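# Close look at the chain arrangement
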Amino acid sequence: MWAREFEKIVAGRGVEAALVEPPPSFAGVRLEEFFAECLVHVKGQAAGLPFVLEPWQREFLAEFDRLDELGCRIYSRGLLGVPRGNGKSPLAAGRALFDLVTKPDAPDVFTCAASRDQARIVLDYARGFAAQGPLAELLEVGRHEIRNPLNGGTLKALSADGPLQHGLNPTSVTIDELHSFRTSKTEELFDAIDTSLKRPDAHWLSITTATGDRASLLGRQLAEITGTLEIERPQRGLWVARDEAVGLLAYWYGAGENDDFEDEALWRAVNPASFVSLGALGKQRRSPTMPRTTFARLHLNAPVLEERELWIPLPEWERLGGGPGVPEGARVCVGLDGSRTFDTTAVAVASRAEDGRIDVAVRVFSTRLDAPHHVHHAGGRIDFEDVEAHAIDLFDRYLIAEAAFDPRYLDRSAELLERRLPAATLIEVEPSSRAMRDALAALERGVLDGVLRHDNDPVLREHLAWTVADRADSGELRRVSKADRTRPIDAVIAVALAYWRASQPGKKPARAMSW
C-alpha cells in the first residue's frame, strides 16, 4: 500500500491524498505497513530484507501512538527499555522517518543522544533507509539532515556536544540511550526537549538500556515511575507503566538487580527480539572480559553497576540494613571527610551495640543538588558553621570516644573537636596513609563478616555505589576512589573512619604516614 502511494507521489499524482492523516483506528496499521513496504535493512544478517516489525515492537508502537476519542495523541512521552542487540537504533530511525513522511505540517523531527557520535548512529540508519526503496525518490538525503520537499519537513540530529536549542518546536524527538545523559549539559538538553512539546501531536520517545546510577536522569525517572505509578507485569521480564493524565508510557524489558543472571530462561524473557539467540548471549557471558554485572546491565537490561566499579557489592551491603540506628547516649566514634567546594562533606558515627554489631549512621552536606545529600548548602561552598553545629549536637547526644578525620579540609572542625576531646583521641588520617588503608580494610571486613549494621540510608548507599577499589595482586585493598569523578564518596570514607575506630576500642592506630 505505502509503496503504491509513493509511486503516485513520484508521478505527481495523489499528493494531497497521500499526506492526509489516516483514520485513528488505522494508525498502528499504517506504521507497520510503512516499515514493511518502505524500509529495507541496511546492516547485519537482514541487510536487503524488508523491515518487518516484530510483535513486541508492534505492540509498543501501537500503544504509544494510540489516539483518544477526539483523534489526539494520548502519550507525548515514551520510554522503551531493551537490552543491547535488540535493534534499538534501527527502530528509532524508522520511527523518525515515519513522522517525517506522514506529518503534513512541515514536521521538525530530531534524533537525539548525549554525544554527537551517538546521535549520528540513528541518523545514519535513517539516511541508509532513505537512500533506497520508495523513499529514495521522495526524500533528499544530506550529510547532516534528511529533507522532505513535499511537506517541508526535516530530520536532524541533536546532541549535548552541540549548541543547545531552547527554541525547539519539534514534531517528534527520538532519544537514543538515555542512560548516557549523566552531565548537567545532557540534562539541560533533555529539559529543552521535554519543555518544547508545543504542537498538538508533539512527542518524544526514548529507547535505552538500563543504568545502575540511581542518581542519574534515567535512574531518577525510573524510580519515580515505579514508585508512583501502577506497574503491570504482563509476562516475565516485562513491566509496563501508563499515565494518560501526563501522557507517559513506559515499557521495560529487563531483569531485576536481584535476579539470577545465569538463568537462560530469564535471558530469553528480557531479550524480546527473535534474532537475539541464547547461543550468542552465552558466548558474551562466558567471555573472560565480560564481568557478571556488565553482562547483566548490557544484555539483560538490569539496573546494576558494573563489577569493576564496585568496591562492596550492593546486595552484600543491603543485607546489613534495617538496624535500629545509633541510640541516644551511646558511646560513639566519629569520622569526618569532605571538601570545601563542589563535592560533599560527611560526618559519621559508629557504635558497638550490646549484641556485638556495630551500628553506623552518617549526615552528608553538599553544595550540589545533584549529589546525594541530606543537607544542601547554596553558594558553591560548604557552610562549615552548619557542619560544626551538627558536630556540637553530636556531643550533646552521644558520648564521643574518638574522632578520625581528613586534616586537609576539616581544620576548623578539628579545632572544635580539640576543645571537646583529649588530644589522644583525635586521629588525623591522610588519604594516602597506612591509617586510611586500615580504616577501609576494617569497613570491608565489617561488611563481609556481617558485623556492620546500617539504617538503609539511601544517601550512603549511593555514595557506596560509586566507590571503586584498587587492590594489589594479592587482593589486598590499597585504596578506594570514585568510579565517576562527578560522584562523591565522602560518606563512605567518613563511615570507614568511624567504623575503624569503633571496631578497635583503645587500640592505638598505626602511624598515619604516607605509603
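Since this is a predicted model, take the numbers as computed values, not measurements.

When you go through the protein residue by residue, the secondary structure sums to 17 helices and 19 strands. For the protein, with 515 residues in total, the buried portion stands at 54%. Sequence separation of 24 or more characterises 68% of the internal contacts of the protein that already satisfy a separation of 6 or more. Put simply, the protein shows about 22600 Å² of open surface, and 50% of that area lies on carbon and sulfur atoms.

Attention now moves to helix 17 (residues 490-503). Taking 1.5 Å as the rise per residue, helix 17 with 14 residues should run 20 Å; its terminal C-alpha atoms sit 20 Å apart, in good agreement. Burial runs high along helix 17: 13 of the 14 residues are buried.

Once that is clear, we can look at the nonpolar core. Phe 34, Leu 80, Leu 97, Leu 135, Leu 139, Ile 146 and Leu 155 are the most contacted members of the largest nonpolar core, which has 56 residues in total. The element that contributes the greatest number of residues to this core is helix 5 (residues 88-102), accounting for eight residues. The contact partners of Leu 139, leaving out residues within four places of it in the chain, are Leu 97, Leu 100, Val 101, Ala 130, Ile 146, Arg 147 and Asn 148. Membership of the second largest hydrophobic core comes to 46 residues, among which are Leu 310, Val 360, Ala 439 and Ala 502.

Time to look at the side chain of Gln 57. Take Gln 57: it is sitting in helix 4 (residues 55-64). Not counting the four nearest positions on each side in its chain, Gln 57 is found in contact with Phe 51, Val 52, Asn 86 and Leu 91.

What follows covers the confidence of the model for the protein. On average, residues of the protein score 86 in pLDDT, and 86% of them are at 70 or above. Low confidence marks residues 8-29, where pLDDT is under 50. Its contacts with residues over four positions away, or in another chain, come to 20 contacts. Across residues 511-515, confidence stays below pLDDT 50; counting only partners more than four residues off in sequence or on other chains, it has 15 contacts.

Let us look at the pattern of salt bridges. In this structure the tally under the stated criterion is 33 salt bridges. The salt bridge involving Glu 257 is made with Arg 461; its shortest N-O contact spans 3.5 Å. Of the two residues, Glu 257 sits in the loop between strand 10 (248-253) and helix 9 (264-270) while Arg 461 sits in helix 16 (residues 458-465), which places them 204 residues apart along the sequence.

Along a regular strand, successive side chains alternate from one face of the sheet to the other. Of all six residues that make up strand 2 (residues 108-113), five are buried, and the element is covered over most of its length. With six bridges joining them, strand 2 and strand 5 (residues 153-159) adopt parallel strand pairing. Paired with Thr 111 across the bridge in strand 5 is Ala 157.

Of the voids in this model, the largest pocket is the one considered here, and its volume is about 800 Å³. If you trace the largest pocket, you find 29 residues lining it, with Gly 85, Gly 87, Pro 90, Tyr 125 and Phe 275 closest to the centre. At the level of elements, helix 5 and helix 6 (116-130) are the ones that each hand at least two residues to the lining of the largest pocket. Broken down by element, the residue count for the lining of the largest pocket peaks at four residues, all from helix 6. Partitioning the lining of the largest pocket into residue classes produces twelve nonpolar, eleven polar and six charged.

Right, let's talk about the packing of helix 15 (residues 434-448) against helix 17 for a bit. Look at helix 15 against helix 17: their axes get within 8 Å of each other, and the N-to-C directions meet at 85 degrees. Considering the angle they form, helix 15 stands roughly perpendicular to helix 17. Facing helix 15, whose interface residues are Ala 435, Met 436, Asp 438, Ala 439, Leu 440, Ala 442, Leu 443 and Gly 446, helix 17 presents Val 492, Ile 493, Val 495, Ala 496, Leu 497, Tyr 499, Trp 500 and Ser 503. Residues that form the contact of helix 15 with helix 17 fall into these classes: 13 nonpolar, two polar and one charged.

Within the sequence span of helix 7 (residues 184-194), burial applies to Thr 186, Leu 189, Phe 190, Ala 192 and Ile 193. What you see down the axis of helix 7 is that its buried residues fit within an arc of 160 degrees, all on one side.

Another aspect to go through is the sheet that holds strand 9 (residues 238-243). The ten strands lie next to each other as 3-4-5-2-6-7-1-10-9-8, forming an open sheet whose pairing is mixed. A single partner strand is all that each edge strand has here, and the edge strands are strand 3 (140-141) and strand 8 (231-235). Direction of pairing for strand 1 (residues 77-81) relative to strand 7 (residues 203-208): parallel, over a ladder of five bridges. Counted as the bridge partner of Leu 80 is Ile 207 from strand 7. Against the sheet, helix 4 engages strand 1, strand 7, strand 9 and strand 10, with an angle of about 165 degrees to strand 10. Sitting on the sheet, helix 6 touches strand 2, strand 3, strand 4 (145-148), strand 5 and strand 6 (172-176), and the angle it makes with strand 5 is about 155 degrees.

What follows deals with the packing of aromatic side chains. For the structure on display, the rule yields eleven aromatic pairs. Taking the centre distance of 5.9 Å and the plane angle of 55 degrees together, the rings of Phe 51 and Phe 129 count as tilted. In this pair, Phe 51 sits in the loop between helix 3 (27-38) and helix 4 while Phe 129 sits in helix 6, placing the two residues 78 residues apart along the sequence. Classification of Phe 129 as buried rests on a relative accessible area of 0%.

Analysis parameters
Residues numbered from 1 in each chain as written. Predicted model: local features only at pLDDT ≥ 70, side-chain atom pairs only at ≥ 80, totals over all residues. Heavy atoms only, no water. Helix = DSSP H or I, 4+ residues; strand = E, 2+ residues; numbered from the N terminus. Buried < 20%, exposed > 50% of the residue type's maximum accessible area, 1.4 Å probe, protein only. Contact = heavy atoms within 4.5 Å. Areas by Shrake-Rupley, 256 points an atom, 1.4 Å probe, with all protein chains shown as cover. Expected span 1.5 Å × (residues − 1). Core = buried A, V, L, I, M, F, W, Y, C linked by side-chain atoms within 4.5 Å. pLDDT = per-residue confidence, 0-100. Salt bridge = Lys/Arg side-chain N within 4 Å of Asp/Glu carboxyl O. Pairing = 2+ DSSP bridges. 1 Å grid on protein atoms, 1.4 Å probe; cavity = no way out; pocket = protein on both sides within 12 Å on 5 of 7 lines; lining within 4 Å. Points joined across faces, edges and corners; volume = space filled by probe spheres on them. Nonpolar A, V, L, I, M, F, W, Y, C, P; charged D, E, K, R; others polar. Axes fitted to C-alpha atoms, helices over the stretch in contact; angles between N-to-C directions. Parallel < 35°, antiparallel > 145°, perpendicular 65-115°, else oblique. Arc of directions from axis to C-beta. Phe/Tyr/Trp six-rings, centres within 6.5 Å; stacked < 30°, edge-to-face > 60°.

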